[in-house]
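Below, each chain spelled out in residue letters.
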Amino acid sequence: MQKKLKFVILTNVSSRIGYGHYNRCIILTKKLEKKNQVTLIVNAEKKIKLFKQKPWIKINFKKNFKFPKADVCIVDKYNYKEKFYRKLRSYYSRIVIFDDIKYVVPKHVTGIINPNIYNSKTFYPSNIKIWSGKKYILLRDEFTKSRKRVKKNSVFLCVGGSDPVNQMDRLLNILSSITKYKINAVFGHGFSDKKIIRKWKDNKKIKIYFGINNISNIMSRAVYAISSSGSMIYELMAMKIPTICMSLADNQINIGKSLIKSKIISYLGHYDQVSDKNILNKIKKIEKKSLIIREIKELKFDKYGSKNLANDLTEYFLKIKKNKIQTYPTYQIREEYEYTDKKIAEFKKLRWGSNISMDNRYKFLISQLPFNKVKYWLDIGSGTGKLQKMVLKKFPNVSSTGIELSKNLYKVSLKNNNIKSKFLNIDFLKFNSHKFDLITCVGVLSKTNFDLKFFAKKASNLLNKEGILFFDFKNINWDKFNQKSFFPDYRHAWTSKKQILYALNKLKKFKKIKLFGFLPEKNKVVELNKSHTIYLKAKKK
């Protein structure tokens, strides 16, 4: 099968940060590589032992190395420095980062993956692509398969791939002093203090495991578990095992807090604020009062999250690669203008660069269109109604209709409407009306919830014969992008002249297509490659 896309995934693993980043990148890579070509590059300490090698894993012990070519680069490093992503951007046009707690989006980053049950898309800027929440919890395949019932006769104890804050010895001391069950103590690959293992290996009540792969087999025999509130909590929830947990790192606190109301997870707090007595009492309670719930009907997340994430990433970036205009969810576009109506300057309400650039765009549009011959005019993305005011002042006989997705901007247009223009708060996807002589759409296609094919087809259906379509789009072939360290902002859709003409010509509904390059700050018509925005004028056949 031909691979659709090329992905590069960058991550770290060490005795200090543990295996969490590496593990979830392994999970994602296995799903992505079913349809794509994937290279996982791991920065690791030389003393670290990684799992059985796969051909797509590249281990890097040096600071500098060659980046392979790819369509998309995914980073799971907790690195938020702009300098790092500026360098990365010279290799990759699409950069996605994992984030758990910072809610920071460095410049040059295209999207965010936050695969946690507590996360909401609203934590991030509305102009960034987000894959987050319960749909994308990353579990290994062993936790998604159905399994036979086994006798539960032990306590499962593990704090993750490493133990940087030395909690295993503490928990073994507490647990072994009180539990009536056998203890299965699992030490991860990154656990470095072998003295602890030697200390407990001869204890008849405790069975020691080190660096095992099929951990679900041991979990399945557990009456209950004691763990950290990291990604292992999702595995224990998938196995429906009651668990006592503490956070051992900052990125585990939110997971623990989000599970306070859970029926099977008991979050005690951050490890350095949890006393031995508190842990002891919780163990007594869970064993003495039979609080163990053996049948849990509902999971709090989708256990096929790794498949969901791989499919959604592939679909999203494949659509972009196939030269389609990048589309955005409707709610995301609305959110961009949620508070701009409070701005005093009108160009800021509309998110234009300056008042001069806004006015010059509108003046350029008016100069290129025969409003003196237009009876019915539709403007898609009418904003505050500024353009309608400028047009109807000169051409009062035009019957104007403006549609606006943002409710806030629509309200502003009503307040400013001392002209005979009709304004509607409606999505273009749902808009139906009589036919028009002119349709304009300026500053919309750079971030919209419909693609070019839909736009062109619907516009042609709404136009009278010989009617005019006028719109603009971001120019991916702008000369400045040939400069070193000058890149397109991929939080917007960038399009080529070739793409636009192909879409219109394929539809076979338009003629006399004319393209303009225009610099609004200078109020100057220029060659197409000299302008970051291209304007198009076409007539319906």
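Here's a quick rundown of the structure.

Calculation notes
- Residues numbered from 1 in each chain as written.
- Predicted model: local features only at pLDDT ≥ 70, side-chain atom pairs only at ≥ 80, totals over all residues.
- Heavy atoms only, no water.
- Helix = DSSP H or I, 4+ residues; strand = E, 2+ residues; numbered from the N terminus.
- Buried < 20%, exposed > 50% of the residue type's maximum accessible area, 1.4 Å probe, protein only.
- Contact = heavy atoms within 4.5 Å.
- Lys, Arg positive; Asp, Glu negative; His and termini not counted.
- Charge placed at Lys NZ, Arg CZ, Asp CG, Glu CD.
- Core = buried A, V, L, I, M, F, W, Y, C linked by side-chain atoms within 4.5 Å.
- Phe/Tyr/Trp six-rings, centres within 6.5 Å; stacked < 30°, edge-to-face > 60°.
- Lys NZ or Arg CZ within 6 Å of the ring centre and 35° of its normal.
- Right-handed = clockwise from strand over helix to strand, strands pointing away.
- Pairing = 2+ DSSP bridges.
- Axes fitted to C-alpha atoms, helices over the stretch in contact; angles between N-to-C directions.
- 1 Å grid on protein atoms, 1.4 Å probe; cavity = no way out; pocket = protein on both sides within 12 Å on 5 of 7 lines; lining within 4 Å.
- Points joined across faces, edges and corners; volume = space filled by probe spheres on them.
- Nonpolar A, V, L, I, M, F, W, Y, C, P; charged D, E, K, R; others polar.
- Parallel < 35°, antiparallel > 145°, perpendicular 65-115°, else oblique.
- Left-handed = near helix turned anticlockwise from the far one by under 90°.

When helices and strands are counted, the protein chain shows 16 helices and 22 strands. In terms of overall dimensions, the protein chain has C-alpha extents of about 95 × 50 × 40 Å along its principal axes. In the protein chain, which comprises 541 residues, the proportion classed as buried is 55%. Expressed as a percentage of contacts within the protein chain between residues at least 6 apart in sequence, the contacts between residues at least 24 apart total 62%. For the protein chain, the centre of its 115 positive side-chain charges and the centre of its 40 negative side-chain charges are spaced 4 Å apart.

A separate point is the nonpolar core. Ranked by size, the top nonpolar core spans 32 residues in total, and within it L28, I74, W131, L313 and F317 carry the most contacts. Mapped by element, the contributors of at least two residues to this core are strand 1 (6–13), helix 1 (20–32), strand 2 (37–44), strand 4 (72–76), strand 5 (95–98) and helix 9 (305–321). For this core, the element with the most residues is helix 9, which contributes seven residues. Aside from chain neighbours lying at most four places away, what touches L313 is F7, L28, I74, I113 and W131.

Turning next to the packing of aromatic side chains. Counting across every chain of the model gives 26 aromatic pairs. Residues W131 and Y316 carry aromatic rings whose centres are separated by 5.4 Å and whose planes lie at 85 degrees to one another, so their mutual orientation is edge-to-face. Of this pair, W131 sits in strand 7 (residues 129–132) while Y316 sits in helix 9, and the two are 185 residues apart along the sequence. Owing to a relative accessible area of 11%, Y316 belongs among the buried residues under this scheme. Taking NZ or CZ as reference, K474 lies 6.0 Å from the ring centre of W494, over its face.

This brings us to the pairing of strand 5. Side chains I95 and I97 of strand 5 all project onto a buried face; the interleaved residues V96 and F98 project onto the opposite face, where all are buried too. Where the polypeptide runs from strand 4 across helix 2 (residues 82–89) and back to strand 5, its parallel neighbour, the crossover connection is right-handed. Direction of pairing for strand 5 relative to strand 6 (residues 111–114): parallel, over a ladder of three bridges. Its bridge partner lying in strand 6, I97 is registered against I112.

Moving on, we get to the sheet that holds strand 10 (residues 206–210). Taken together, six strands build an open sheet; the order of strands is 10-9-8-11-12-13 and the sheet is parallel. Single-partner strands in this sheet number two, and they are strand 10 and strand 13 (265–270). Shown here is a sheet whose adjacent strand axes are inclined to one another by a mean of 15 degrees, direction ignored. One ladder, built from four bridges, connects strand 11 (residues 222–228) with strand 12 (residues 243–247); its direction is parallel. Considered in strand 12, the bridge of S227 is made with C245.

Attention now goes to empty space enclosed by the protein. Counted according to the given criterion, the structure contains four cavities of 30 Å³ or more. If you add up the space inside the largest cavity, you get close to 50 Å³. If you trace the largest cavity, you find it lined by Y362, D379, I380, G381, S382, L387 and V442. Looking at the lining of the largest cavity residue by residue, the classes come out as four nonpolar, two polar and one charged.

The next thing to look at is the packing of helix 12 (residues 355–368) against helix 13 (residues 386–394). Two elements in contact, helix 12 and helix 13, have axes separated by 10 Å at closest approach and are oriented at 45 degrees. With respect to their mutual orientation, helix 12 and helix 13 come out oblique. Helix 12 and helix 13 meet at a crossing whose hand is right-handed. Across from M358, D359, Y362, K363, L365 and I366 in helix 12, the residues of helix 13 making contact are K386, L387, M390 and V391. Class assignment for the residues of the contact of helix 12 with helix 13 results in seven nonpolar, no polar and three charged.

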